[in-house]
Amino acid sequence: MLFGTDYELGANYRGIWGLYGTYEYVAPQIFRVSSTAAALGTTGQWWLSRSIAVQGTALAGVGYGGGGVIHGAGVAQTGVLGDGQRDYHYGMTPQGEIQLRLILGNRVSLDTTFREYYISRVAATESTGSEDISRADTALTFRIYNLHGITLRYSEATRNGRYATLPNSHQSLGTFSIGYTLIGQTRFGVVDWRSGATAAP
């Protein structure tokens with residue numbers, strides 16, 4: 001967060017809101033997107049019970065980004081002017097992001113993130129096309145011992161490329177993975193401001 005302030009709603013919710021700076025780079029094998037942006041948004045935490053909490057971030061902003069196809073079925077050859085379905089069409093990029101984390105005690109967390117990018121024709125390297133790219137991630141992490149855990153993750157990314165001189169292109173890719181996780185804190189980053197709160201082992 002670049003500039004902002006904190007707030008609270010009742011006894012169980014606290015958060016911050018303001019102006020955020022963001023940098024994103026996503027490259028799921030067959031296409032890619034990158035963006036640097038400024039966004040308005042909020043980050044907060046809500047206690048659902050004594051040991052269950054939800055953390056979340058919501059951002060909406062605009063920046064300058066680039067994206068395009070790398071390889072895959074239905075990819076057309078670059079046009080004579082260098083336009084079309086190619087690595088990196090740059091342009092003004094409205095974008096949004098939502099992150100949620102459900103924390104169950106000090107053993108399990110469920111994380112979901114959704115990102116959306118629209119690389120427009122405004123201030124573009126060429127004005128005949130646009131890129132609409134989204135990515136969703138879901139991860140379930142189990143803390144096994146101390147700061148060591150295992151994470152099950154599913155990620156799905158989708159691209160729609162639209163150019164005046166080429167057929168529309170639609171690509172998507174889903175990936176499932178399982179891996180070792182070094183957790184930053186035994187309570188998955190939860191903050192407990194309630195009276196009588198004690199650190200979990």
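Residues numbered from 1 in each chain as written. Predicted model: local features only at pLDDT ≥ 70, side-chain atom pairs only at ≥ 80, totals over all residues. Heavy atoms only, no water.

Enquirer: Just checking my understanding: could you explain the overall build of the protein for this structure?
Expert: Looking only at helices and strands, the protein has 0 helices and 9 strands in total. The linear arrangement of helices and strands in the protein, starting from the amino end, is β-β-β-β-β-β-β-β-β. Burial status across the protein gives 38% buried among its 201 residues. Summed over its atoms, the accessible surface of the protein is roughly 10,900 Å², and 62% of this surface lies on carbon and sulfur atoms. (Helix = DSSP H or I, 4+ residues; strand = E, 2+ residues; numbered from the N terminus. Buried < 20%, exposed > 50% of the residue type's maximum accessible area, 1.4 Å probe, protein only. Areas by Shrake-Rupley, 256 points an atom, 1.4 Å probe, with all protein chains shown as cover.)

Enquirer: Looking at this structure, I do not really get the layout of surface pockets. What am I missing?
Expert: Remark: the empty space left among the atoms is shown by a probe the size of a water molecule rolled over them. In this structure, the largest pocket encloses a volume near 370 Å³. Forming the boundary of the largest pocket are 22 residues, of which Leu100, Arg101, Ser109, Asp111 and Thr113 lie nearest the centre. If you tally residues by element for the lining of the largest pocket, the top one is strand β6 (residues 108-119), at 5 residues. Taken together, the residues of the lining of the largest pocket break down into 4 nonpolar, 13 polar and 5 charged. (1 Å grid on protein atoms, 1.4 Å probe; cavity = no way out; pocket = protein on both sides within 12 Å on 5 of 7 lines; lining within 4 Å. Points joined across faces, edges and corners; volume = space filled by probe spheres on them. Nonpolar A, V, L, I, M, F, W, Y, C, P; charged D, E, K, R; others polar.)

Enquirer: Looking at this structure, I do not really get the pattern of salt bridges. What am I missing?
Expert: Opposite charge on two side chains permits pairing when their charged atoms draw close. Counted under the stated rule, the structure contains 8 salt bridges. Here arginine 115 makes a salt bridge to aspartate 137, at a shortest N to O gap of 3.8 Å. With a gap of 22 residues between them, arginine 115 in strand β6 and aspartate 137 in strand β7 (residues 129-145) connect regions that are remote in the sequence. Across the pair, aspartate 137 and arginine 115 agree in class, each one buried. Several salt bridges share partner residues, and in doing so they unite Glu24, Glu97, Arg115, Arg135 and Asp137 into one network. (Salt bridge = Lys/Arg side-chain N within 4 Å of Asp/Glu carboxyl O.)

Enquirer: Explain the pairing of β6 here, please?
Expert: For a regular strand, side-chain orientation follows a simple rule: the groups alternate between the two sheet faces. Note that strand β5 (residues 89-104) and β6 share 10 bridges and pair antiparallel. Following the sheet pairing, glutamate 97 is matched in β6 by arginine 115. Counting the residues that bridge the hairpin from β5 to β6 gives 3 residues, and of these glycine 105 lies at a positive phi of roughly 60°. (Pairing = 2+ DSSP bridges.)

Enquirer: I would appreciate a short explanation of the confidence of the model for the protein in the present structure.
Expert: Atomic detail in the predicted coordinates should be set aside for any region of low pLDDT. Looking at the protein, pLDDT values average 86 and 86% of them are 70 or higher. Counting contacts from residues 81-85, a segment whose pLDDT is below 50, to residues more than four positions away or on other chains yields 17 contacts. (pLDDT = per-residue confidence, 0-100. Contact = heavy atoms within 4.5 Å.)

Enquirer: Explanation requested: empty space enclosed by the protein in the structure shown.
Expert: One pass over the full model with this rule turns up 1 cavity of 30 Å³ or more. Estimates place the volume of the largest cavity at around 70 Å³. The set of elements that each furnish at least two residues to the lining of the largest cavity consists of β2 (13-26), β3 (31-47), β4 (52-69) and β5. For the lining of the largest cavity, a count of residues per class yields 5 nonpolar, 4 polar and 2 charged.

Enquirer: Can you help me understand the side chain of threonine 93 in this one?
Expert: Within the element layout of this structure, threonine 93 appears in strand β5. Residue threonine 93 is classed as buried on the basis of its relative accessible area of 0%. At 3.0 Å, the side chain of threonine 93 forms a polar contact with the backbone nitrogen of glycine 65. Within polar-contact distance, the side chain of threonine 93 engages the backbone oxygen of glycine 91 at 2.9 Å. Here threonine 93 is in contact with Ser35, Gly61, Val62, Gly63, Tyr64, Gly65, Tyr117, Tyr118 and Ile119, once residues within four sequence places are set aside. (Polar contact = N/O pair within 3.5 Å; in protein donor to acceptor, adjacent residues only side chain to side chain.)

Enquirer: Can you help me understand the sheet that holds strand β9 (residues 169-182) in this one?
Expert: Within a sheet, adjacent strands bond to each other through the backbone by hydrogen bonds, running parallel or antiparallel. Across the sheet, which stays open at both edges, the 9 strands sit in the order β1-β2-β3-β4-β5-β6-β7-β8-β9 with antiparallel pairing between neighbours. The open sheet has two edge strands, β1 (3-9) and β9, and neither has a second partner. The average angle at which neighbouring strand axes cross in this sheet is 15°, direction not considered. As paired elements, β3 and β4 share 17 bridges and run antiparallel to each other. When the bridges of β4 are listed, glutamine 45 appears paired with glutamine 55. (Axes fitted to C-alpha atoms, helices over the stretch in contact; angles between N-to-C directions.)

Enquirer: Looking at this structure, how should I read the environment of methionine 1?
Expert: Along the polypeptide, methionine 1 turns up in the segment before β1. Exposure remark for methionine 1: the relative accessible area of 44% places this residue in the partly exposed category. Once the C-alpha coordinates of methionine 1 and alanine 39 are considered, the two residues, 38 residues apart in sequence, prove to be 9.2 Å apart. Other than its neighbours up to four places away in sequence, methionine 1 contacts Ile16, Trp17, Gly18, Leu19 and Tyr20.

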